[in-house]
Amino acid sequence: MDNRPIGVFDSGLGGLTVLKEIRNLLPTESIVYFGDSGRAPYGTKSKETVIKYTFQNIRFLLNQDIKMIVIACNTASACSIDLVKHSFDIPVVEVVEPGSVSAVRETVNKKVGVIGTIATVNSGVYEKAISRLDPSIEIFQKACPMFVPLVEEGWWENDIAQRIAEEYLLSLKEKGIDSLVLGCTHYPLLHNTISKVMGEGVKLVSSALEVAKVVKEVINENNAARNEKIGPVYRFYTSDSVEKFESLGNSILNEKIRSAEKIDIERY
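Now for a quick tour of the structure. Counting from 1, residues in each chain are numbered in the order their sequence is written. At least 70 in pLDDT is required for a residue's local features to be given in this predicted model, at least 80 for side-chain atom pairs to be given and counted, and no such filter applies to totals for whole chains, interfaces and linings, which use all residues. In computing side-chain properties, one takes all heavy atoms of the structure into account and sets aside hydrogens as well as water.

### Here we look at the packing of aromatic side chains
Then, in step 1: In summary, the pairing rule links any two rings of Phe, Tyr or Trp, Trp by its six-membered ring, whose centres are within 6.5 Å, and it sorts them by plane angle into stacked for under 30 degrees, edge-to-face for over 60 and tilted for everything else. Summed over all chains, the structure comprises 10 aromatic pairs.
Then, in step 2: Plain terms: the ring middles of F236 and F245 are 6.3 Å apart, the flat faces sit at 50 degrees to each other, and that makes the pair tilted.
Then, in step 3: Taking the relative accessible area as the measure of exposure, F236 reaches 8% and is therefore buried.
Then, in step 4: Per-residue accessibility, obtained with a 1.4 Å probe over protein chains only, is compared with the maximum for each type, and a residue is labelled buried under 20%, exposed over 50%, and partly exposed between these values. A residue is classified by how much of its surface remains accessible, and F245, at 2% relative accessible area, is buried.
Then, in step 5: One aromatic cluster is present, formed by F34, F60, Y237 and Y268 through successive ring pairs.
Then, in step 6: We call a charge positioned over a ring when the NZ of a Lys or the CZ of an Arg lies within 6 Å of the ring centre and within 35 degrees of the ring normal. The positively charged end of R23 is found above the aromatic ring belonging to Y234, 6.0 Å away from the centroid.

### Side note on the sheet that holds strand β1 (residues 6-10)
Then, in step 1: Criterion used throughout: strands pair if DSSP finds at least two bridges between them. Numbering of helices and strands runs from the N terminus; a helix is a DSSP stretch of H or I covering at least four residues, while a strand is a stretch of E covering at least two. If you walk across this open sheet you meet the six strands as β4-β3-β1-β2-β9-β10, and the pairing is parallel. Where the open sheet ends on each side, the last strands, each with one partner, are β4 (92-93) and β10 (261-262).
Then, in step 2: Pairing of strand β2 (residues 31-35) with strand β9 (residues 234-238) involves five bridges; the strand directions are parallel. The residue of β9 that forms the bridge with V32 is R235.
Then, in step 3: Packing of helix α2 (residues 47-62) onto the sheet brings it into contact with β1, β2, β3 (68-71) and β9, and relative to β1 it is tilted by some 150 degrees.
Then, in step 4: Residues count as neighbours in contact if any of their non-hydrogen atoms are within 4.5 Å of one another. A fitted line through C-alpha atoms serves as each axis, taken over the contacting stretch for helices, and the angle formed by two N-to-C directions is quoted from 0 to 180°. Here helix α3 (residues 74-87) sits on the sheet and contacts β1, β3 and β4; the angle it forms with β3, its principal contact strand, is near 155 degrees.

### A short note on the pattern of salt bridges
Then, in step 1: One side-chain nitrogen of Lys or Arg within 4 Å of one carboxyl oxygen of Asp or Glu is enough to make a salt bridge. If you walk through the whole model with that rule in mind, you get 11 salt bridges.
Then, in step 2: In this structure, E29 and K67 form a salt bridge, with 2.6 Å as the shortest nitrogen-oxygen distance. Of this pair, E29 sits in the loop between α1 (16-25) and β2 while K67 sits in the loop between α2 and β3, and the two are 38 residues apart along the sequence.
Then, in step 3: Classification of E29 by relative accessible area gives buried; the value is 2%.
Then, in step 4: The class for K67 is buried, based on a relative accessible area of 5%.
Then, in step 5: Here K244 makes a salt bridge to E153, at a shortest N to O gap of 3.4 Å. Of this pair, K244 sits in helix α11 (residues 242-253) while E153 sits in helix α7 (residues 147-153), and the two are 91 residues apart along the sequence.
Then, in step 6: Given the relative accessible area of 41%, E153 is considered partly exposed.
Then, in step 7: One salt-bridge network, in which partners are shared between bridges, spans D2, R4 and D65.

### A word on the side chain of S11
Then, in step 1: With respect to the helices and strands, S11 occurs in the loop between β1 and α1.
Then, in step 2: When sequence neighbours within four positions are dropped, the list of residues in contact with S11 reads G35, D36, S37, A40, Y42, C73 and H186.

### Some words on the nonpolar core
Then, in step 1: Only buried residues count toward a nonpolar core. Its members are Ala, Val, Leu, Ile, Met, Phe, Trp, Tyr and Cys residues joined through side-chain atoms within 4.5 Å. Judged by nonpolar contacts, the single largest core of 56 residues is most densely connected at F147 and L169.
Then, in step 2: Setting aside anything within four residues of it in sequence, one finds F147 in contact with I115, I164, A165, Y168, L169, Y187, L190 and I194.
Then, in step 3: Counting residues in each nonpolar core, the second largest holds 26 residues, with Y42, Y53, I58 and I90 among its members.

### A few points about helix α8 (residues 159-173)
Then, in step 1: By definition here, a helix of n residues has an expected span of 1.5 Å times n minus one. Between its first and last C-alpha, α8 extends 20 Å over 15 residues, near the 21 Å set by a 1.5 Å rise per residue.
Then, in step 2: A residue's bend is the angle separating two fitted axes: one through the seven residues that end there, the other through the seven that start there. Largest kink in α8: about 40 degrees, centred on E167.
Then, in step 3: If you check which residues of α8 are buried, you get A161, I164, A165, Y168, L169 and L172.
Then, in step 4: On its buried side, α8 packs onto β5 (111-116), β6 (138-143), α7, β7 (179-183) and α9 (191-198).
Then, in step 5: A distance of 3.2 Å separates the backbone nitrogen of I160 from a side-chain oxygen at the start of α8, and that oxygen is part of N158. Each polar contact in these results corresponds to two N or O atoms within 3.5 Å; when the atoms are within protein, one needs to be able to donate a hydrogen and the other to accept it, and residues that are neighboring in sequence are counted only if both atoms are side-chain atoms.

### Remarks on the pairing of β3
Then, in step 1: Across the two faces of β3 the burial is the same, with M68 and V70 and I69 and I71 all buried.
Then, in step 2: Sheet topology note: the β1/β3 ladder contains four bridges and is parallel. Across the sheet, G7 pairs through a bridge with I69, a residue of β3.
Then, in step 3: Where β3 lies against β4, two bridges are found, and the strand directions are parallel. Following the sheet pairing, I69 is matched in β4 by V92.
Then, in step 4: Viewed along the sheet, the connection from β3 through α3 into β4 turns out right-handed. Seen with the strands pointing away from the viewer, any crossover whose path from the first strand over the helix to the second strand runs clockwise is right-handed.

Function cannot be read off these values alone, since they describe shape.
This is how it looks when you write it as structure tokens:
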């Protein structure tokens, strides 16, 4: 038994899609969430900068006495997961492998699309992970750098989001893919917009639920479940506007976020 919280971080609001699934699957667990909206997006930054940000985020969460880390950011996972696992003596769950497993399971015609930030796509992590699971699958990738700013602005289903999605995705649609990996935890918030462009024949694959399943497995393996008699506590932190974080976070979680705090992440 371990009553300490789970630590989750992302470059901004997108990781709340992962938190939501963890909470649904593990309703008794406490969670500390940090969204680095002040430095988003990560996907346009250099690998060295992303690693720096990742380590600062983890050091902040470790300061909150957490029992495990969830890197709810594809870019951070792509750039730093091996280094993180060798540098911190704490269970770490990332998003790429669970998303790849889901994509392999969902495809029928063996043609899978992957969208993500520039850094994630250039790293080739999804291509490697999917090919390792099933070498027969054809993989088509596309960087969609404007998607994260759209989500952080709350523009999830307006005309601007629709036009940008069409610009990015129509070339992928022409490849005949039947599954599309949303290789950024921000992208599920654009689900309806992306789905309109891709059409009913393309399954959108999000890693959020698969990540939650892995978190549950790790907790069970380590006998680290929280005492069910103690109610869960959720704490939220951001490096940018608390008001904006709470407003958009409320829409993602379908409930009111109370008392989010702004922190100076550069201290860590």
